[in-house]
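Take a look at the letters that make up each chain.
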Amino acid sequence: MDFEAEIQKLKKQLNAVILAHYYQESEIQDVADFVGDSLALAQQAEKTTADVIVFCGVHFMAETAKILNPTKLVLLPDLAAGCSLSDRCPPGPFKVFKDQHPGHFVVTYVNSSAAVKALSDVIVTSSNAVKIVSKIPKDKPIIFAPDQHLGRYVMKQTGRDMVLWPGSCIVHETFSEKAIVQLKVEHPDALVIAHPECEAPVLAHADYIGSTKQLLEFTQTSERQKFIVVTEAGILHQMELKSPHKKFIPAPATDGCACNVCPFMRLNTLEKLYLCMRDKKPALELDPALREAATQPLKLMMEWSR
Ligand code: 13P
Ligand code: SF4
């Protein structure tokens, strides 16, 4: 079956918009109406006039789209597409952690469940975390969850002390510092660009640090012709499309395994995308009270990132 042609037909029939994250496989990115980072995808979801949002990313991203668009049908090709950051920060233990730090302003990374968002004061993504934390009054103590590495990076950038939830991304925590140093020696003309979910010793080798969208834009505007890319390898597709004459080297994980590919993101396939549009399921459902509670911190993020 020509999945691509069928998906295009269904898109018209359903008046659907297909949103895809940069970590989706290339063929999914190629059929999407919009490819972006988590903030840009949330902004697209907020302003779309389509009746159906087909979200090619992971569960928390589709859930964010549903929180912002409660009346729309939000489809996700595979509901099991989770995220290690979100999965390792359950709401029960997070509530206990929060209660242990009374009076703290709770800043939560968008890579979290709606239940954890509902316990937060403001949400951030990797592209606006520094900006948003800088807006919090200086005398207010802060909890940052669930990514400790992004949290440490934000602390360094803002000079703010924060209490960190000890979470991490299974993809970004496995990049090998040794392999990156070796690549730098082999390619002295390359710049190292990294996502802030990486550990501090890896970030110390980066010439530029940013969200997936910021990394992509950096490769487009930089005069440099070669980049060692320290994030999930799916982003290379857009980098190569936007700058076909430049060279992109994916950073390897420790032990040379294929761990620089997110196993959750890659649960989505073109066939599953077609099937979810054909069957109008799986659809993202959210308890209305939970949705209501998660809306406020998310809306505050949308406001503060403008
Ligand atoms: P972005 O905010 O760059 O899209 O990152 C999302 C993510 O899941 C990184 O692992
Ligand atoms: Fe979550 Fe990491 Fe996958 Fe991003 S790359 S979705 S943070 S597990």
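Numbering of residues starts from 1 in every chain and runs along the sequence as written. Naming scheme: in the order in which they are written, chains are lettered from A and ligands are numbered from 1. Reporting of local features is limited, given that this is a predicted model, to residues whose pLDDT is at least 70; pairs of side-chain atoms are given and counted only at 80 or more, and all residues count toward the totals for whole chains, interfaces and linings. Only hydrogens and water are set aside; all other atoms, that is, all heavy atoms of the structure, feed into the side-chain values.

Okay, the pattern of salt bridges next. Counted as salt bridges are all cases of a side-chain nitrogen of Lys or Arg within 4 Å of a carboxyl oxygen of Asp or Glu. Per the counting criterion, the structure on display carries 10 salt bridges. For Asp33, the salt bridge is made with Lys11, and the minimal N-O distance between the two is 2.8 Å. A residue pair is termed long-range when its members are at least 10 positions apart, and Asp33 in the loop between helix H2 (26-31) and strand E2 (34-36) and Lys11 in helix H1 (residues 3-14) qualify at 22 residues. Exposure is judged per residue with a 1.4 Å probe applied to protein chains only, and the accessible area is read against the type maximum: over 50% gives exposed, under 20% gives buried, and values in between give partly exposed. Taking the relative accessible area as the measure of exposure, Asp33 reaches 41% and is therefore partly exposed. Labels follow the DSSP assignment, with helices taken as runs of H or I lasting at least four residues and strands as runs of E lasting at least two, numbered in each case from the N terminus.

Another aspect to go through is the nonpolar core. Soluble globular proteins: nonpolar side chains tend toward being buried together. Formed by 67 residues in total, the largest nonpolar core has its most connected members in Phe55, Val107, Ile228, Val230 and Met301. Broken down by element, the residue count for this core peaks at 6 residues, all from helix H4 (residues 59-68). Residue contacts are counted whenever heavy atoms from the two residues lie within 4.5 Å of one another. When sequence neighbours within four positions are dropped, the list of residues in contact with Val230 reads His172, Phe175, Ile180, Val192, Ile193, Ala194, His195, Cys198, Val202 and Ala251. Grouping buried Ala, Val, Leu, Ile, Met, Phe, Trp, Tyr and Cys residues that are joined through side-chain atoms within 4.5 Å yields what is termed a nonpolar core. Among the nonpolar cores identified, the runner-up in size contains 31 residues, and Leu14, Ile28, Leu216 and Leu273 belong to it.

What follows is about the packing of aromatic side chains. For Phe, Tyr and Trp, rings pair up if their centres lie within 6.5 Å, where Trp contributes its six-membered ring, and each pair is then called stacked (planes under 30 degrees apart), edge-to-face (over 60) or tilted (otherwise). One pass over the structure, following the stated rule, counts 8 aromatic pairs. Centre to centre, the rings of Phe94 and Trp165 are 5.7 Å apart; their planes meet at 75°, and the pair counts as edge-to-face. Here the residue Phe94 occupies a position in helix H6 (residues 91-99), and Trp165 occupies one in the loop between strand E8 (162-164) and helix H10 (177-186), the gap between them amounting to 71 residues. Three or more aromatic residues link up through ring pairs in this structure, and these residues are Tyr208, Phe218, Phe227 and Phe248.

To continue, consider the pairing of strand E7 (residues 142-145). Residues Ile142 and Phe144 of E7 are buried on one face, and the alternating residues Ile143 and Ala145, pointing to the opposite face, are buried as well. Pairing analysis gives 4 bridges linking strand E5 (residues 105-109) to E7, with the strands arranged parallel. The residue of E7 that forms the bridge with Phe105 is Ile142. As defined by bridge partners, E7 adjoins E8 across 3 bridges and the pair is classed as parallel. Within E8, the residue paired with Ile143 across the bridge is Val163. Two strands make a pair as long as DSSP finds a minimum of two bridges between them.

Right, let's talk about the environment of Glu63 for a bit. Assignment of secondary structure puts Glu63 in helix H4. Within polar-contact distance, the side chain of Glu63 engages the backbone nitrogen of Ala114 at 2.8 Å. Nitrogen and oxygen atoms within 3.5 Å of one another constitute a polar contact, given that in protein one can donate a hydrogen and the other can accept it, and given that sequence-neighbouring residues count only through two side-chain atoms.

So, about the side chain of Arg160. Locating Arg160 in the fold gives a position in the loop between helix H9 (148-158) and E8. For the buried residue Arg160, which engages in no salt bridge, the nearest side chain bearing the opposite charge is Asp139, 6.4 Å off. When neighbours within four sequence positions are excluded, Arg160 is seen to be in contact with Val133, Ile136, Pro137, Lys138, Lys140, Ile142 and Met155. Counting rule applied: Lys, Arg positive; Asp, Glu negative; His and chain ends not counted.

For the rest of this paragraph, the subject is the site of ligand 1. Surrounding ligand 1, one finds His21, Tyr23, Asp37, Ser38, Tyr109, Asn111, Ser126, His172, His195, Glu197, Ser211 and Thr212. A distance of 2.6 Å is found between an oxygen atom of ligand 1 and a side-chain nitrogen or oxygen belonging to Ser38. Here Thr212 contributes a backbone N or O atom positioned 2.8 Å from an oxygen atom of ligand 1. The method behind every accessible area is Shrake-Rupley, applied with a 1.4 Å probe, and residues are considered shielded solely by the protein chains displayed. With the chains in place, 96% of the 300 Å² that ligand 1 exposes on its own is no longer accessible. Method remark: on a 1 Å grid restricted to protein atoms, a set of points is classed as a cavity if a 1.4 Å probe fits but cannot get out and as a pocket if it is open with protein on both sides within 12 Å along at least five of seven lines; lining residues have an atom within 4 Å of a point. Put plainly, a molecule is in a cavity or pocket when over half of its atoms are within 2 Å of the grid points there. Put simply, ligand 1 lies in the largest cavity. Only Asp, Glu, Lys and Arg are considered charged in this grouping, and only Ala, Val, Leu, Ile, Met, Phe, Trp, Tyr, Cys and Pro are considered nonpolar; every other residue, Gly among them, is considered polar. Of the residues that constitute the shell around ligand 1, the class distribution is 2 nonpolar, 8 polar and 2 charged. Working definition: residue near molecule or strand if any one of its non-hydrogen atoms lies within 4 Å of it.

In the region of ligand 2, the neighbouring residues are Tyr23, Val58, Cys83, Ser84, Leu85, Asn111, Cys169, Val171, Glu197, Cys262, Phe264 and Met265. Structurally, ligand 2 is housed in the largest cavity.

The element E5 is extensively covered by neighbouring structure, given that 5 of its 5 residues are classed as buried. Burial along E5 is two-sided: the residues Phe105, Val107 and Tyr109 and Val106 and Thr108 are all buried. Note: E5 against strand E6 (residues 122-124), 3 bridges, orientation parallel. Residue Thr108 lies in a different strand from E6, and its bridge partner there is Ile123.

Here the focus is the sheet that holds E7. The strand order E6-E5-E7-E8 describes an open sheet built from 4 strands, whose pairing is parallel. Edge positions in the open sheet fall to E6 and E8, since each of these has one partner strand only. Taking each pair of neighbouring strands and ignoring which way they run, the sheet shows an average axis angle of 30°. Here H9 sits on the sheet in contact with E5, E7 and E8, set at roughly 165° to E8. In this description, a line fitted to the C-alpha atoms serves as the axis of each element, helices being fitted only across the stretch in contact, and the angle between N-to-C directions of two axes falls anywhere from 0 to 180 degrees. Across the face of the sheet, helix H15 (residues 288-304) comes into contact with E5 and E6 while running at roughly 60° to E6.

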